[in-house]
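Structural overview for review
Single-letter residue listing:
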Amino acid sequence: LSDAVLPPGPDGHEQLEFAHKKEQAQEILKSLSSSETYQRDVGIFWFFYEQGYTAKEISLLPSVALTVKGVEAVLFRLTRYIRERLGPKNPEEDE
């Protein structure tokens, strides 16, 4: 996952790649569904990576009830979890 998973521009290839990465991330995140904070944490993840909210903006949402540092910790933990499950980055993806 890159640091910005915002929806791509009009290029069809970018849209397919985005949809594929999003699907992979969703499947990996589902494995955490037994966690008490699953709904909140996954919401934080998508607010940040898909909707473009900042950690500060997310922390201000009443349903989140975390500080900015708390939101950042959730994002770090989930991003690391997904990256570990995706395995090493394919060097061809940078081309």
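So, here is what we can say about the structure in this document. In this numbering scheme, every chain counts its residues from 1 along its sequence in written order. This being a predicted model, a pLDDT of at least 70 is required before a residue's local features are given, and a value of 80 or more before pairs of side-chain atoms are given or counted; all residues contribute to the totals for chains, interfaces and linings. The side-chain values count all of the structure's non-hydrogen atoms but skip hydrogen atoms and water molecules.

So, the overall build of the chain
Stated precisely, the cut-off is as follows: In this description a helix means any DSSP run of H or I spanning at least four residues, a strand means any run of E spanning at least two, and both kinds are numbered starting from the N terminus. The contact criterion used is simple: two residues touch if any of their non-hydrogen atoms lie within 4.5 Å. Method for areas: the Shrake-Rupley scheme with a 1.4 Å probe, in which residue coverage is limited to the protein chains shown.
Counting its regular elements, the chain contains four helices and zero strands. Restricting to contacts in the chain with at least 6 residues of sequence separation, those with at least 24 account for 56%. A total of about 6,600 Å² of accessible surface is found on the chain, and carbon and sulfur atoms cover 54% of it.

Observations concerning the packing of helix α1 (residues 12-30) against helix α4 (residues 68-86)
Rules: Lines fitted to C-alpha atoms define the axes, with helix axes restricted to the stretch in contact, and inter-axis angles between N-to-C directions lie between 0 and 180 degrees. Note on terminology: angles under 35 degrees are roughly parallel, angles over 145 are roughly antiparallel, angles of 65 to 115 are roughly perpendicular, and the others are oblique.
Packing of α1 against α4 leaves a shortest axis separation of 10 Å and a crossing angle of 105°. Taken together, the axes of α1 and α4 lie roughly perpendicular to each other. In contact with Gln 24, Ala 25, Ile 28 and Leu 29 of α1, α4 contributes Leu 78, Tyr 81, Ile 82, Arg 85 and Leu 86.

A few points about the packing of helix α2 (residues 38-49) against α4
When two helices pack together, you describe them by how their axes are tilted relative to each other and by the distance separating the axes. The criterion, for reference: Nonpolar residues are Ala, Val, Leu, Ile, Met, Phe, Trp, Tyr, Cys and Pro. Charged residues are Asp, Glu, Lys and Arg, and all others, Gly as well, are polar.
Running from N to C, α2 and α4 cross one another at 85°; their axes reach a closest spacing of 9 Å. Of the possible angle classes, the one that applies to α2 and α4 is roughly perpendicular. On α4, the residues that touch Arg 40, Asp 41, Val 42, Ile 44, Phe 45, Phe 48 and Tyr 49 of α2 are Val 71, Val 74, Leu 75, Arg 77, Leu 78, Thr 79 and Ile 82. Taken together, the residues of the contact of α2 with α4 break down into ten nonpolar, one polar and three charged.

Points about the pattern of salt bridges
A side chain with one charge can pair with a side chain of the opposite charge if their charged atoms come near. For clarity, the cut-off: The rule for a salt bridge is simple: a side-chain nitrogen of Lys or Arg has to be within 4 Å of a carboxyl oxygen of Asp or Glu. Burial classes: relative accessible area under 20% of the type maximum marks a residue as buried, over 50% as exposed, and values in between as partly exposed (1.4 Å probe, protein chains only).
In the structure shown here, the tally under the stated rule is seven salt bridges. In this structure, the salt-bridge partner of Glu 17 is Lys 21, at a minimum N-O distance of 3.4 Å. Taken together, the positions of Glu 17 and Lys 21, both in helix α1 and four residues apart, correspond to about one turn of that helix. We classify Lys 21 as partly exposed; its relative accessible area is 24%. Overlapping salt bridges, with partners in common, bring together Arg 40, Asp 41 and Arg 77 in one network.

Quick notes on unusual backbone geometry
The backbone of Ala 65 shows a phi angle near 55°, a positive value even though the residue is not glycine. By secondary structure assignment, the location of Ala 65 is in the loop between α3 (55-59) and α4. In this structure Ala 65 comes out as exposed when scored by relative accessible area, which is 66%.

Comments concerning the packing of aromatic side chains
What counts is decided by this rule: Side-chain rings of Phe, Tyr and Trp (the six-membered ring for Trp) are treated as a pair once their centres are within 6.5 Å; stacked means planes under 30 degrees apart, edge-to-face means over 60, and tilted covers the remaining angles. Ring-over charges, as used throughout, are those where CZ of Arg or NZ of Lys falls within 6 Å of the ring centre and within 35 degrees of the ring normal.
Enumeration according to the criterion identifies four aromatic pairs in this entry. Each ring, one from Phe 45 and one from Tyr 49, has its centre 4.7 Å from the other, and the planes form 45°; the classification is tilted. Of this pair, Phe 45 and Tyr 49 both sit in helix α2, four residues apart, roughly one helical turn. Ring geometry for Phe 47 against Tyr 53: centres 4.9 Å apart, planes inclined by 50°, an arrangement best described as tilted. Phe 47 gets classed as partly exposed once you look at its relative accessible area, which sits at 30%. Stacked on the ring of Trp 46, the Lys or Arg Lys 22 has its end atom at 5.6 Å from the ring centre.

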